[in-house]
Amino acid sequence: MHDVLQRLDNAARQASRPTPDLLAVSKLQSATAVSQLAQAGQRAFGENYVQEALAKQAELVGLPLEWHLIGHLQSNKAREAAEHFDWVQTVDREKLVDALARYRRDDQPPLNVLVQVNIDDEASKHGCRPEQAAGLAAAIAAQSRLRLRGLMAIPAPEPDDARRRAAFARMHQLFESLRDAHPDMDTLSMGMSDDCELAIAEGATMVRVGTALFGQRAAKAGAPDR
Ligand SMILES: *Cc1c(COP(=O)(O)O)cnc(C)c1O
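Predicted model only: the values in this text are computed from it and were never measured. (Residues numbered from 1 in each chain as written. Predicted model: local features only at pLDDT ≥ 70, side-chain atom pairs only at ≥ 80, totals over all residues. Heavy atoms only, no water.)

Draft legend 1. Inspection of the site of the ligand at higher detail. In the vicinity of the ligand there are 13 residues, among which Lys27, Asn48, Ser193, Thr211 and Arg217 approach most closely. Between the ligand and the protein, one listed contact pairs an oxygen atom with a side-chain N or O atom of Ser193 at 2.5 Å. Taking Gly210, its main chain carries an N or O atom lying 2.8 Å from an oxygen atom of the ligand. Expressed as a share of its isolated accessible area of 390 Å², the protein-covered part of the ligand is 89%. Among the residues forming the shell around the ligand, the class breakdown is six nonpolar, four polar and three charged. (Near = heavy atom within 4 Å. Polar contact = N/O pair within 3.5 Å; in protein donor to acceptor, adjacent residues only side chain to side chain. Areas by Shrake-Rupley, 256 points an atom, 1.4 Å probe, with all protein chains shown as cover. Nonpolar A, V, L, I, M, F, W, Y, C, P; charged D, E, K, R; others polar.)

What follows is the structure, encoded as structure tokens:
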């Protein structure tokens, strides 16, 4: 973990930006691996699959961890997501906004929410189109059980650094433009193991790092720890 924190610090210093928050992406990693990072001081963990996350949370109950859902969320899993996560980073349609607000319990703090933006307009990808982000942000902000924190993106795989960086820059622009209406938004989640430096240079406030922290993941099919 030290190496990754060092990378984030270095990138932030070079870009003259604040060091971003580190979300440790623990999908397809064991509860033991999560607990080891927690002992080293990491609090925030990202999971892609609701069922896998619930099983891991049950093994780690008692640890003061913050759980982020970063995988695509189907509406029929909205209740479990609303009750068992601290953040949902993948809100990309109004139906999901309504469902999460309905199921977040009154005895819980408001659910932290990011709007997932499909910044490259890939046909196959999840996330709203950039021009839909303002409407979704307003819908989230209108819900008392939800707290709008910002935007999240997974840009298309792109070998060319300049183009990848351009996608991050477009996200930053969108983020800043929405902050006029939502000045409390404080989170721009973008950048992973192999491109977090580029994302930080373009203003990421949270990077989502899996492989560089945990090593390679087990294959999804037949992974022993789910
Ligand atoms: C898996 C995943 C990550 C982490 O990817 P690495 O390359 O392992 O760092 C980040 N964000 C999302 C949405 C992911 O699904």
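Draft legend 2. Representation of the nonpolar core. Counting residues in hydrophobic clusters, the biggest one holds 63 residues, and the most contacted among them are Leu100, Val115, Val117 and Leu151. It is helix 7 (residues 161–179) that provides the largest number of residues to this core, a total of six residues. Leave out the neighbours within four places in its chain, and Leu100 touches Leu73, Ala78, Ala81, Ala82, Val88, Val91, Leu111 and Leu146. Trp87, Leu114, Met152 and Met206 belong to the second largest nonpolar core, which has eight residues in total. (Core = buried A, V, L, I, M, F, W, Y, C linked by side-chain atoms within 4.5 Å. Buried < 20%, exposed > 50% of the residue type's maximum accessible area, 1.4 Å probe, protein only. Helix = DSSP H or I, 4+ residues; strand = E, 2+ residues; numbered from the N terminus. Contact = heavy atoms within 4.5 Å.)

Draft legend 3. Examining the side chain of Gln57 more closely. Turning to its location among the elements, Gln57 is positioned in helix 3 (residues 50–59). For Gln57, a relative accessible area of 13% puts it in the buried group. Looking at Gln57, its side chain comes within polar contact range of the main-chain oxygen of His84, at 3.0 Å.

Draft legend 4. A look at the packing of aromatic side chains. All chains considered together, the criterion is met by one aromatic pair. Where Phe45 meets Trp67, the ring centres are 6.0 Å apart and the plane angle is 40°; that geometry is what we call tilted. Here Phe45 is found in strand 2 (residues 44–47), whereas its partner Trp67 is found in strand 3 (residues 66–69), with 22 residues between them in sequence. The class of Phe45 is buried, set by a relative accessible area of 0%. The class of Trp67 is buried, set by a relative accessible area of 7%. (Phe/Tyr/Trp six-rings, centres within 6.5 Å; stacked < 30°, edge-to-face > 60°.)

Worth remembering: the numbers are spatial, not functional.
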